[in-house]
Protein chains: 2
Amino acid sequence: MIEKLLKSKKLRLTPFRKEVLEVFINEPNAIALGDIEARLKQFDRITLYRTIKSFIENGLIHEIVMPGDIKKLALCPDECSSVNHVHTTQHIHFRCKMCENIFCLDLHEFPEINIPRFKIDSIEIQGTGTCNICS
Amino acid sequence: MIEKLLKSKKLRLTPFRKEVLEVFINEPNAIALGDIEARLKQFDRITLYRTIKSFIENGLIHEIVMPGDIKKLALCPDECSSVNHVHTTQHIHFRCKMCENIFCLDLHEFPEINIPRFKIDSIEIQGTGTCNICS
DNA sequence: ATCACTTATGCAACAATGTTGCATTTTTAT
DNA sequence: ATAAAAATGCAACATTGTTGCATAAGTGAT
C-alpha cells in the first residue's frame with residue numbers, strides 16, 4: 001500500500017521514504033515536522049527536509065500554515081492531484097484551540113466565492129474553534 | 001492620525017513605532033518583513049520584530065501566511081478588534097500568482113460554513129489566482 | 001544477475017529567521 | 001520634575017531551512 005502510493009507518484013522506493021510515509025498514514029490529523037521526527041528512530045535532518053519537499057511537490061502530502069508560526073503536514077486525499085502547493089480537492093482545515101490538532105475536513109458543499117475582476121484559481125478555507133472531541 | 005491609531009491601542013508613542021506604522025499606512029496591500037525593512041532608513045532588527053509582534057497582539061496589523069513560506073503583514077481594518085491572531089472582520093486574502101501581491105478584500109456575503117459537532121469561532125479564506133490588474 | 005544511469009542519502013558548512021537577557025533610554029502619568 | 005513602566009539596542013544564542021559534494025542505492029535495459 002505504501003509502495004503503491006510512492007510508485008503512483010513516480011517516486012523511488014527507499015527505506016526512508018517508506019518510513020516517513022508510514023508516519024503520515026498512521027496519523028489521522030495533520031502533523032508538525034517535530035512530530036515526524038519524534039516518530040522516527042534515527043534519521044538525517046536534511047534528508048527529512050528533502051523527503052518532505054519531494055512529497056509536497058509530488059502531491060503526496062500538503063502543507064497547512066496558520067498565523068502564529070503553525071506549520072503542519074497532512075496526507076493528500078487520493079483524488080488530490082496536487083502539484084506545488086495547489087491541491088485540487090476541496091476540504092477545509094480546522095484548528096482546535098483546545099487540543100491544537102489540525103483536521104482536514106471534507107465539506108459537502110464548498111462555498112462559491114466571486115470577486116469582481118479577480119480570477120480565482122483555488123480557495124483555501126481555514127477554521128478555528130473547538131473540535132468534536134473537545135467540545 | 002498615526003498617533004491616534006497607536007493611542008487607540010494603548011501603545012506608547014515612540015518615533016520608531018510611528019515610522020513602522022507609517023509604512024503600513026502608505027502600503028495598500030500586505031507587505032513582507034523585508035519590504036518594511038527596505039522602507040526604513042536604519043533600524044534595529046530585534047526592535048522591529050518586537051514592534052511587529054506588539055502590533056499584531058494589539059490588533060493593529062494581522063499576519064497572513066500561505067503555503068510555500070509566504071508570510072506577509074497588513075493593516076487591520078478599523079472595525080477589527082483583533083487580539084492574538086483572531087481577527088473579527090470578514091475579509092479574504094487573495095494572492096495573485098502574477099504579481100505576487102496579497103490583497104485583503106472585503107466580501108459582501110461571507111459564506112456560512114457548518115461542520116457537524118465542530119464549533120467554529122472564526123473562518124479565514126485565502127484565494128489564489130490573478131488580480132484585477134494582472135488579468 | 002549485471003551494468004549503466006539516475007536519483008537519494010549523509011555530512012559539513014552555511015544562511016536566514018527569530019528569541020532572550022540585560023543595561024540604558026524614553027515615554028507616560030503624577 | 002520625578003518615579004514607574006515600558007521600549008530600545010546590543011550581544012549572544014536558538015531554530016529552521018538550504019547548498020554542495022562525495023558516496024550509496026534504486027531503476028530499467030540487457
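Once a new chain begins, its residue numbering starts again from 1 and follows that chain's sequence as written. As they are written, the chains are lettered A onward and the ligands numbered 1 onward, keeping that order. Restriction of local features to residues with pLDDT of at least 70 applies here, the model being predicted, together with a cutoff of 80 or more for giving and counting side-chain atom pairs; totals for whole chains, interfaces and linings are based on all residues. Side-chain calculation: all heavy atoms of the structure are included, whereas hydrogens and water are not.

Draft legend 1. Main features of the relation of the copies chain B and chain A. Copy-to-copy superposition: least squares on the C-alpha atoms, limited to residues that have pLDDT of at least 70 in both copies. Rotating chain B by 180 degrees about the axis while translating it 0.0 Å along that axis superimposes it on chain A, leaving an RMSD of 0.1 Å. The symmetry that links the two subunits is that of a two-fold axis. Proximity to the rotation axis, assessed at the C-alpha, singles out Ile125 of chain B in chain B; its C-alpha lies 2.3 Å from the axis. Contacts are assigned to residue pairs with any non-hydrogen atoms lying within 4.5 Å of each other. Counting the interface residues of chain B, we find that 100% of their copies in chain A are interface residues as well, pointing to one common contact surface.

Draft legend 2. Layout of the protein's contact with DNA strand D. Within the structure, DNA strand D sits among 19 residues, and Arg45 and Tyr49 of chain A together with Thr14, Arg17 and Arg50 of chain B are positioned closest to it. Distance and chemistry together define a polar contact, namely a pair of N or O atoms within 3.5 Å, with one atom able to donate a hydrogen and the other to accept it when in protein, and with adjacent residues in sequence counting only for side-chain atoms on both sides. Between DNA strand D and the protein, one listed contact pairs a base nitrogen with a side-chain N or O atom of Arg12 of chain A at 3.4 Å. Only DSSP runs of H or I reaching four residues or more are called helices, and only runs of E reaching two or more are called strands; each is numbered from the N terminus. Elements that contribute at least two residues to the surface near DNA strand D include exactly α4 (45-57) of chain A together with α2 (15-25) and α4 (45-57) of chain B. Tallying contributions element by element places α4 of chain A first for the surface near DNA strand D, with five residues. Each residue gets one label: Ala, Val, Leu, Ile, Met, Phe, Trp, Tyr, Cys and Pro are nonpolar, Asp, Glu, Lys and Arg are charged, and the others, such as Gly, are polar. Classifying every residue of the surface near DNA strand D gives seven nonpolar, three polar and nine charged. Think of it this way: one heavy atom of a residue within 4 Å of a molecule or strand is enough to make that residue near it.

Draft legend 3. Region of the structure containing the interface of chain B and chain A. At the interface, 35 residues of chain B touch 35 residues of chain A. Note on chain B versus chain A: buried area summed over both sides is about 3,000 Å², and carbon and sulfur give 61% of it. It is Pro67, Phe118 and Asn132 of chain B in chain B that bury the most area against chain A; as a group they hold 18% of the surface buried on that side. Think of a salt bridge as a Lys or Arg side-chain nitrogen and an Asp or Glu carboxyl oxygen that are within 4 Å of each other. In this assembly, chain B and chain A are joined by four salt bridges. In this assembly, chain B and chain A are joined by 13 residue pairs in polar contact (both at pLDDT 80 or more). Counting only elements with at least two residues in the side of chain B that touches chain A, the list comes to β1 (61-66), β3 (91-96), β4 (102-106) and β5 (119-130) of chain B. Per element, the largest residue contribution to the side of chain B that touches chain A is 12 residues, and it comes from β5 of chain B. By residue class, the composition of the side of chain B that touches chain A is 16 nonpolar, 11 polar and eight charged. The pairing criterion for strands is at least two bridges between them, as found by DSSP. Where strand β5 (residues 119-130) of chain A lies against β5 of chain B, 11 bridges are found, and the strand directions are antiparallel. What sits directly across from Ile120 of chain A, in β5 of chain B, is Gly129 of chain B. By definition, the buried area sums, over both parts, the 1.4 Å-probe accessible area that each loses when the two are put together.

Draft legend 4. Quick look at the protein's contact with DNA strand C. Lining the immediate surroundings of DNA strand C are 19 residues, of which Arg12, Arg17 and Arg50 of chain A together with Arg12 and Leu13 of chain B lie closest. Between Arg12 of chain A and DNA strand C, the recorded distance is 2.8 Å, taken from a side-chain N or O atom to a base oxygen. The separation between a phosphate oxygen of DNA strand C and a polar main-chain atom of Leu13 of chain B is 2.8 Å. Going through the elements one at a time, α2 (15-25) and α4 of chain A together with α4 of chain B are the ones with two or more residues in the surface near DNA strand C. Residue contributions to the surface near DNA strand C peak at five residues, all from α4 of chain B. Split by residue class, the surface near DNA strand C holds seven nonpolar, three polar and nine charged.

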